[in-house]
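Results of the structural survey
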Amino acid sequence: MRRIIALLAMTMSFGLHAQYMDSCTITFEKTMYIQNMMKDNEWMKKYASNIPAENKEIFYLVLRPHASEYFPENTNDIRVPGLWGYALNKNQISTNLKDSIYAENKDIYDKKVRVLDTIRNLSWTITNTYRNIAGYNCRQATTVIFDSVKVFAFYCPQIKPSAGPDAFNGLPGCILGVALPALHLNWFATKVSANLKVLPKNYMLEKKREQHTNASLVELLSSKSSQMPAKYRRKSYYINAMMILL
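What you are looking at is a predicted structure, and each value in this text was computed from that prediction instead of being measured.

**Notes on helix H3 (residues 214-223)**
All of the buried residues in H3 are Leu 217, Leu 220 and Leu 221. Projection of H3 onto a plane perpendicular to its axis shows the buried side chains occupying an angular sector of 95 degrees, all on one side. Residues of H3 that are exposed and point over 90 degrees away from its buried face: Ala 215 and Glu 219.

Printed below as a string of structure tokens:
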């Protein structure tokens, strides 16, 4: 009898997750392995003992059929001396999936900026690797950004909007996991809820924010590259990759 009840419970759980969703709230844990970022960098080694090995942050992705909203659980930032400290700021992203445009609020160095542009056009390769994330079966896809940074993503076809954490998108289902090994950074969903989380009061406020496109943001980052060691200044992908980290 107990076995029958257990089987029924498993069937009901599978049936619930087998239903397609186009509106939900996904909780993501973003992990940055800060000391790994710094371990081969003589310029930053002196700061390593003053910071944690990793930093975990909670973000929410609120999905609707044609839009997504992405924001942090709180705005308490860990400050790390030098350039890497700015990689821990909390960004907010509002995406119009129907028109393929997005707006993002972020802090870069001493500037508060707002980026308005078309969403990333990523060329994905879908693999036959699968992984269960937050109770949902996901399939792996890979792509390369900024010429050499490989991205591993896991998307869920049951959650229909083509969205994901930190503006990753373009797959036939919502992305529940992203890993960038070269940048020591990942996002993984920990919970999917049918309830739509209320947006914070300060969500996407434009007051006192410098307006940018992706192209002008790269120019801004390039202008700040004098703070980096010469070997990093020569690598354009490094400056572009900071757009994700920031």
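**Concerning the side chain of Asn 186**
The residue Asn 186 is located in strand S11 (residues 185-193) in this model. In this structure, Asn 186 is in contact with Glu 29, Lys 30, Thr 31, Tyr 33, Val 178 and Ala 179, ignoring residues within four places of it in sequence.

**Quick word on the pairing of strand S10 (residues 174-180)**
Of all 7 residues in S10, 7 are buried; the element is thus mostly enclosed. Two elements, S10 and S11, share 4 bridges in a ladder whose sense is antiparallel. Across the sheet, the residue bridging to Gly 177 is Phe 188, located in S11. Count of turn residues in the S10/S11 antiparallel hairpin: 4 residues, of which His 184 carries a positive phi of about 55 degrees.

**Some points on the packing of aromatic side chains**
Going through the model one piece at a time under the given rule, you end up with 4 aromatic pairs. The interplanar angle of 75 degrees and the centroid separation of 5.7 Å between the aromatic rings of Phe 71 and Tyr 203 together place this pair among those described as edge-to-face. With Phe 71 in strand S3 (residues 67-72) and Tyr 203 in the loop between S11 and strand S12 (210-212), this residue pair connects regions lying 132 residues apart in the sequence. Residue Phe 71 shares its accessibility class with Tyr 203, and that shared class is buried. Ring plane angle 65 degrees and centroid distance 5.6 Å describe the contact between Phe 168 and Trp 187, whose orientation is recorded as edge-to-face. Taken together, the residues span a long stretch of sequence, with Phe 168 in the loop between strand S9 (149-156) and S10 and Trp 187 in strand S11 at a distance of 19 residues. In this structure Phe 168 comes out as buried when scored by relative accessible area, which is 1%. Among the aromatic residues, those joined into a cluster by ring pairs are Tyr 60, Phe 71 and Tyr 203. Positioned above the aromatic ring of Phe 154, the side-chain terminus of Arg 131 is 5.7 Å from the ring centre. Across the ring face of Tyr 60, the terminal group of Lys 197 is positioned such that the distance to the ring centre comes to 4.5 Å.

**Comments concerning the sheet that holds S12**
Taking strand neighbours across the sheet as the criterion, the 12 strands line up as S7-S8-S9-S10-S11-S1-S2-S3-S4-S5-S6-S12 in an open arrangement whose pairing is mixed. Lying at the two open borders of the sheet, with one neighbouring strand each, are strand S7 (125-133) and S12. Ignoring strand direction, the axes of neighbouring strands in this sheet form an average angle of 25 degrees. Pairing between strand S4 (residues 92-96) and strand S5 (residues 101-108): 5 bridges, direction antiparallel. From the neighbouring strand, Thr 95 faces S5, where its bridge partner is Tyr 102. Of the strands in this sheet, S5, strand S6 (111-118) and S12 are in contact with H3, which crosses S6 at around 145 degrees.

**Structural notes on the pattern of salt bridges**
This structure, assessed with the given rule, holds 4 salt bridges. Here Glu 29 and Lys 56 are joined by a salt bridge, their closest N and O atoms 3.5 Å apart. Of the two residues, Glu 29 is situated in strand S1 (residues 24-32) and Lys 56 in strand S2 (residues 55-64); the sequence distance between them amounts to 27 residues. Relative accessible area serves as the criterion here: at 28%, Glu 29 is assigned to the partly exposed category. Of the charged contacts, one joins Asp 107 and Arg 209 as a salt bridge, the two residues approaching to 3.6 Å between their closest N and O atoms. Of this pair, Asp 107 sits in strand S5 while Arg 209 sits in the loop between S11 and S12, and the two are 102 residues apart along the sequence. What you see here is one network of salt bridges that share partners, running through Asp 107, Lys 112 and Arg 209.

Conventions adopted
Residues numbered from 1 in each chain as written. Predicted model: local features only at pLDDT ≥ 70, side-chain atom pairs only at ≥ 80, totals over all residues. Heavy atoms only, no water. Buried < 20%, exposed > 50% of the residue type's maximum accessible area, 1.4 Å probe, protein only. Helix = DSSP H or I, 4+ residues; strand = E, 2+ residues; numbered from the N terminus. Arc of directions from axis to C-beta. Contact = heavy atoms within 4.5 Å. Pairing = 2+ DSSP bridges. Phe/Tyr/Trp six-rings, centres within 6.5 Å; stacked < 30°, edge-to-face > 60°. Lys NZ or Arg CZ within 6 Å of the ring centre and 35° of its normal. Axes fitted to C-alpha atoms, helices over the stretch in contact; angles between N-to-C directions. Salt bridge = Lys/Arg side-chain N within 4 Å of Asp/Glu carboxyl O.

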